[in-house]
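What the coordinates show
Next come the chains, spelled out residue by residue.
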Amino acid sequence: MADKRFLDAIHDALHEEMSRDPSVVVLGEDVGKKGGVFGVTEGLYQAFGEARVIDTPLAESCIVGVAVGMSVNGLRPVAEIQFADFIHPAFDQILSEAARLRYRSKNDFGCPIVIRTPYGGGVHGALYHSQSIEAFYAHVPGLKVVVPYTPADAKGLLKAAVRDPDPVLFLEHKKMYRSVRGEVPDSEFTVPIGPAAIRRPGRDLSIFAYGLMVHESLQAAEALGKEGIEAEVVDVRTLRPLDTKTILASVERTNRALIVYEDNRFGGFGGEIAATIAEEGFRNLDAPPTRLAGPDVPAVPFSHPFEEWFMISAPKIAAAARALVAY
Amino acid sequence: MSAKSAKETTARPSPGKGEAAARGPGDPGPAGMLEMFYYLCLARAVDERMWALQRSGKAAFVISGQGHEGAQVGAGYALDRELDWLVPFYRSVAAVLMKGMPPAELFLIQLGRDPDPSSGGRQMPGHYGHSRHKILSTSSPVATQVVHAAGIAYAAKVRGTGEVCLTALGEGATSEGDFHEALNFAGVHRLPVVFVVENNGYAISVPVSKQMAVPTVSSRAAGYGMPGVTVDGSHVLQVYEAARAAVARARRGEGPTLLEVTVPRLTAHSSDDQQEKYRPSEELAHLRERDPVRVFAAELRERGVLTPAKEQEIRARITREVDEGTEIAEAAPLPDPATATRYVYAEPPDAGR
Ligand SMILES: Cc1ncc(C[n+]2csc(CCOP(=O)(O)OP(=O)(O)O)c2C)c(N)n1
Ligand SMILES: [Mg+2]
């Protein structure tokens, strides 16, 4: 075991996969010499050369579209979109092309690409460097959507994504790159795409979260524990496919569900979790499945008081949990 | 918009149309040159203050235009600053100053304060906009604004307003589909728009050689049925001459121009970037030779336009304006989170001011 930052775990996964499989290539803006604007691809250009670590022109639709083409002709591209906020020009390539290639060709073509991108707020990134984009993409059949929380998961899930036969959108919370650390096994491993993980067992309510919100939920659970409220924290980690079994089993134990996400509340991914619990776990519920999510303004406003107002934090989660337990 | 900054704005020198006509086309005359020099130095001083605010921990982030001022002042001087539109990008410090935003407003934006006229503290620094000055609000995704500029020009044409629209972007942004789509539309409709590409050789770390296979951005103009010109942004008067021709052409109804201005990027991409990683030290060592402030000052001294007394007067004025602007911004309140849910949908136009 080694203690690694979130960022290093992702870097290591890329390095190992590129060493293991010569068909793996990395492409994106500034991923080469600079090593990415966050430093995730640091050193890959020097280790694997410019044919496999490609500094692309500034064009996101091009990055994803080229990756689609590479993938049908023998390469395993890992595309980096510099910020999730800038993925939108590639929406058509992801939705209409990558996600539908297999279905529309009756399994004749697959699209084994990974699209990595940093998302999320709390870094003074304002409207265009803070967005959560998972709801747009988790809506799309044919695409897998992964949001790791622990460094070990980041590494294992990314390695699994590179080996996956289908397109995977891999979302990395940018605030976690340098602030979250954790133990990562030294030996070769992958983490399967699909299953959720229970990060903290509890009996009084279940908190469902992913990415940075797992971190905040665990802190909230800690505080709640001191008050005698035992919260179970479930790290959803794969949004599509969604592990409804683990989610429903947790609610069966705790009878209360709080779903936490950073994205705008309306139409956000947490609504899918809430609906699943309402439909399939109704008889186990002592309170309505409840969402705690970002306010419905267009992304995170810049100024510090605005950002603090927007972001879901441990105290806000603890308050929502208390209210739910008291229901 | 506070009354104070409005007053500052109107106090700014603005050449009357009659005066320009008396000098003959294309000759800014000594007063015009000194005005350009003033804006060049003002933009640099504002920019340096932004970095100082960031380094002292008062600002979270800076992205600005040191080295790009020559391109912006030369092009900006060719506009009718009352009538014409500016669709800027994050390096357009000199351009928005020329268009009438006083230094205090740029510092309010830099510090994310409530009276920030562009977004009330909602956007990151460098995202300019101001309807009264006909400066369109800016987002972060690059090249999106280029298409808006074509739309503004289309509206100007069908409404017969006589306006010209000038938009600016980096050479990296020309790789986006939006750039192609905008120039194509503008070419088809012969729109009164000038596309200014401020080519500083890099898109963050990516050199222009990895951005495009052609030696100049302007050579692409042929594909859109418009003239393409490349000029050296260290030479303000050359930029002005090229921009003047492009604006005049647009105003005559003859259509758009792609104007590429080569500029040095004198700083890192932003305060989050370490450029030593990807820029040769040899290049960094010689960067200042292309500094438009230096080049233009030398040129004006040689022409006898910039005397030591005049220069001192201009620089003293700028120091005063930048200091005052900083004080206004630092004293301004941060936004109240209770207002954070406002302006998602329409409200009366003056509700936010
Ligand atoms: C659509 C989009 N993709 C990526 C980014 C991140 N980004 C910001 S500036 C920049 C480089 C822009 O280079 P260029 O257009 O040459 O302008 P310069 O900054 O050099 O003036 C990049 C990649 C962005 N803002 N928008
Ligand atoms: Mg550039």
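Residues numbered from 1 in each chain as written. Chains lettered and ligands numbered in written order. Predicted model: local features only at pLDDT ≥ 70, side-chain atom pairs only at ≥ 80, totals over all residues. Heavy atoms only, no water.

A count of helical and extended segments in chain B gives 12 helices and seven strands. Taken along its principal axes, the extent of the C-alpha atoms in chain B is 50 × 50 × 50 Å. A sequence separation of at least 24 residues applies to 74% of the contacts in chain B between residues at least 6 apart. Each charge sign in chain B was given a centre, from 39 positive and 42 negative side chains, and these centres are 2 Å apart. (Helix = DSSP H or I, 4+ residues; strand = E, 2+ residues; numbered from the N terminus. Contact = heavy atoms within 4.5 Å. Lys, Arg positive; Asp, Glu negative; His and termini not counted. Charge placed at Lys NZ, Arg CZ, Asp CG, Glu CD.)

Here we take up the environment of Pro-192 of chain B. Residues and elements named next belong to chain B. For Pro-192, the location among the structural elements is in the loop between helix H8 (177–188) and strand E3 (193–199). Given a relative accessible area of 9%, Pro-192 falls into the buried group. Separated by 39 residues in the primary sequence, Pro-192 and Ala-153 place their C-alpha atoms 5.4 Å from one another. Other than its neighbours up to four places away in sequence, Pro-192 contacts Ala-153, Lys-157, Glu-163, Val-164, Cys-165 and Ala-250. (Buried < 20%, exposed > 50% of the residue type's maximum accessible area, 1.4 Å probe, protein only.)

Residues and elements named next belong to chain A. Under the criterion given, the structure shown has 13 aromatic pairs over all chains. Considering the side-chain rings of Phe-6 and Tyr-177, the 6.3 Å spacing of their centres and the 40 degrees angle between planes classify their relative orientation as tilted. Taken as a pair, Phe-6 in helix H1 (residues 6–20) and Tyr-177 in helix H8 (residues 176–179) lie far apart in primary sequence, 171 residues in all. Each member of the pair, Phe-6 as well as Tyr-177, carries the same accessibility label: buried. (Phe/Tyr/Trp six-rings, centres within 6.5 Å; stacked < 30°, edge-to-face > 60°.)

Here we come to helix H12 (residues 308–331) of chain B. Residue and element names in this part refer to chain B. Taking 1.5 Å of rise per residue, the 24 residues of H12 would be expected to cover 34 Å, and the 35 Å separating its terminal C-alpha atoms lies within 8% of that figure. Within the span of H12, buried status applies to Glu-311, Ile-314, Ile-318, Glu-321, Val-322, Gly-325, Thr-326 and Ala-329. Close packing links the buried residues of H12 with helix H3 (29–55), helix H6 (103–111) and helix H11 (292–302). (Expected span 1.5 Å × (residues − 1).)

Residues and elements named next belong to chain B. Bound to the magnesium ion (ligand 2) on the protein side are Glu-171 (OE), Glu-171 (OE), Asn-200 (OD1) and Tyr-202 (O), at distances that span 2.1 to 2.7 Å. Geometry at the magnesium ion (ligand 2) is irregular, judged from its six donor atoms and the angles of 51 to 176 degrees they form at the metal. Between the donor residues of the magnesium ion (ligand 2), the gaps in sequence give the motif E-x28-N-x1-Y. Here Glu-171, found in the loop between strand E2 (165–170) and H8, pairs with Tyr-202, found in strand E4 (residues 202–203); they are 31 residues apart in sequence, far enough to count as distant. (Donors = N, O, S within 2.8 Å, 3.2 Å for Na, K, Ca; no water. Tetrahedral: all angles 85-135°; square planar, octahedral: opposite > 155°, others 65-115°.)

Around ligand 1, 22 residues are found, and the nearest of them are Glu-60 of chain A together with Tyr-90, Arg-91, Ala-173 and Tyr-202 of chain B. Near ligand 1, the surrounding residues belong to chains A and B. Between an oxygen atom of ligand 1 and a side-chain N or O atom of Glu-171 of chain B, the distance comes to 3.0 Å. Between ligand 1 and the protein, one listed contact pairs an oxygen atom with a backbone N or O atom of Gly-172 of chain B at 2.8 Å. Looking at the shell around ligand 1 residue by residue, the classes come out as 10 nonpolar, seven polar and five charged. (Near = heavy atom within 4 Å. Polar contact = N/O pair within 3.5 Å; in protein donor to acceptor, adjacent residues only side chain to side chain. Nonpolar A, V, L, I, M, F, W, Y, C, P; charged D, E, K, R; others polar.)

Here we take up the interface of chain B and chain A. The interface of chain B with chain A comprises 34 residues on the first partner and 32 residues on the second. For the chain B and chain A pair, buried surface summed over both sides reaches about 2,700 Å², with 65% attributable to carbon and sulfur atoms. Considering only the surface of chain B that becomes buried against chain A, Met-124, Lys-210 and Lys-277 of chain B emerge as the three largest contributors, covering 20% of it. Linking chain B with chain A are three salt bridges. Measuring nitrogen to oxygen at the nearest pair gives 3.1 Å for the salt bridge that ties Glu-50 of chain A to Lys-210 of chain B. (Buried area = accessible area lost by both parts, 1.4 Å probe. Salt bridge = Lys/Arg side-chain N within 4 Å of Asp/Glu carboxyl O.)

A few words on the pattern of salt bridges. All told, the structure shown has 44 salt bridges over all chains when counted by the stated rule. Glu-227 of chain A serves as the salt-bridge partner of Arg-322 of chain A, at 2.8 Å between the closest nitrogen and oxygen. With Arg-322 of chain A in helix H13 (residues 314–325) and Glu-227 of chain A in the loop between helix H9 (212–226) and strand E11 (231–235), the pair connects residues that are 95 residues apart, well separated along the chain. By relative accessible area, Arg-322 of chain A is classed as partly exposed at 34%. Overall, the relative accessible area of 43% leaves Glu-227 of chain A in the partly exposed class. Linking Arg-303 of chain B and Glu-299 of chain B is a salt bridge whose minimum nitrogen-to-oxygen distance equals 3.5 Å. Through salt bridges with shared partners, one network takes in Glu-16, Glu-17, Arg-20, Lys-155, Lys-159, Arg-163 and Glu-188 of chain A.

The next point concerns the sheet that holds strand E2 (residues 24–28) of chain A. All names here are of chain A. Across the sheet, seven strands lie side by side as E3-E2-E4-E5-E7-E6-E12; this open sheet has mixed pairing. Each edge of the sheet is formed by a strand with only one pairing partner; in this case those strands are strand E3 (53–55) and strand E12 (238–240). The average undirected angle you get between the axes of adjacent strands in this sheet is 20 degrees. Here three bridges tie strand E4 (residues 76–80) to strand E5 (residues 114–119), and the two strands are oriented parallel to one another. Within the sheet, the bridge partner assigned to Val-78 lies in E5 and is Val-114. In this fold H1 packs onto E2, E3, E4, E5 and strand E7 (168–173), with an angle of close to 130 degrees to the strand it touches most, E2. Contacts from helix H3 (residues 60–71) reach E2, E3, E4 and E5, with the element oriented near 165 degrees to E2. (Pairing = 2+ DSSP bridges. Axes fitted to C-alpha atoms, helices over the stretch in contact; angles between N-to-C directions.)

All names here are of chain A. The domains assigned to chain A are domain 1 (2–184) and domain 2 (197–325). The C-alpha centroid of domain 2 is placed 26 Å from the C-alpha centroid of domain 1. The interface of domain 1 with domain 2 comprises 31 residues on the first partner and 26 residues on the second. Taken over both partners, the interface formed by domain 1 and domain 2 buries close to 2,300 Å², and the fraction arising from carbon and sulfur atoms is 58%. Per-residue buried area on domain 1 facing domain 2 is highest for His-124, Val-147 and Tyr-149; these three make up 26% of the total on that side. Counting the contacts that link domain 1 with domain 2 gives two salt bridges. Among the salt bridges present, the one from Arg-237 reaches Asp-153, with a minimum N-O distance of 2.9 Å. Viewed at the interface, domain 2 and domain 1 are joined by 13 residue pairs in polar contact (both at pLDDT 80 or more). (Domains from an automatic or database assignment.)

Turning to the packing of helix H7 (residues 144–159) of chain B against H8 of chain B, a few remarks are in order. Residue and element names in this part refer to chain B. The N-to-C vectors of H7 and H8 enclose an angle of 15 degrees; their axes lie 7 Å apart at closest approach. When the axis of H7 is compared with that of H8, the two are roughly parallel. Here the hand of the crossing between H7 and H8 comes out left-handed. Taking contact as the criterion, the partners of Thr-144, Val-146, Val-147, Ala-150 and Tyr-154 in H7 are, on H8, Asp-178, Phe-179, Ala-182, Leu-183 and Phe-185. When its residues are assigned to classes, the contact of H7 with H8 shows eight nonpolar, one polar and one charged. (Parallel < 35°, antiparallel > 145°, perpendicular 65-115°, else oblique. Left-handed = near helix turned anticlockwise from the far one by under 90°.)

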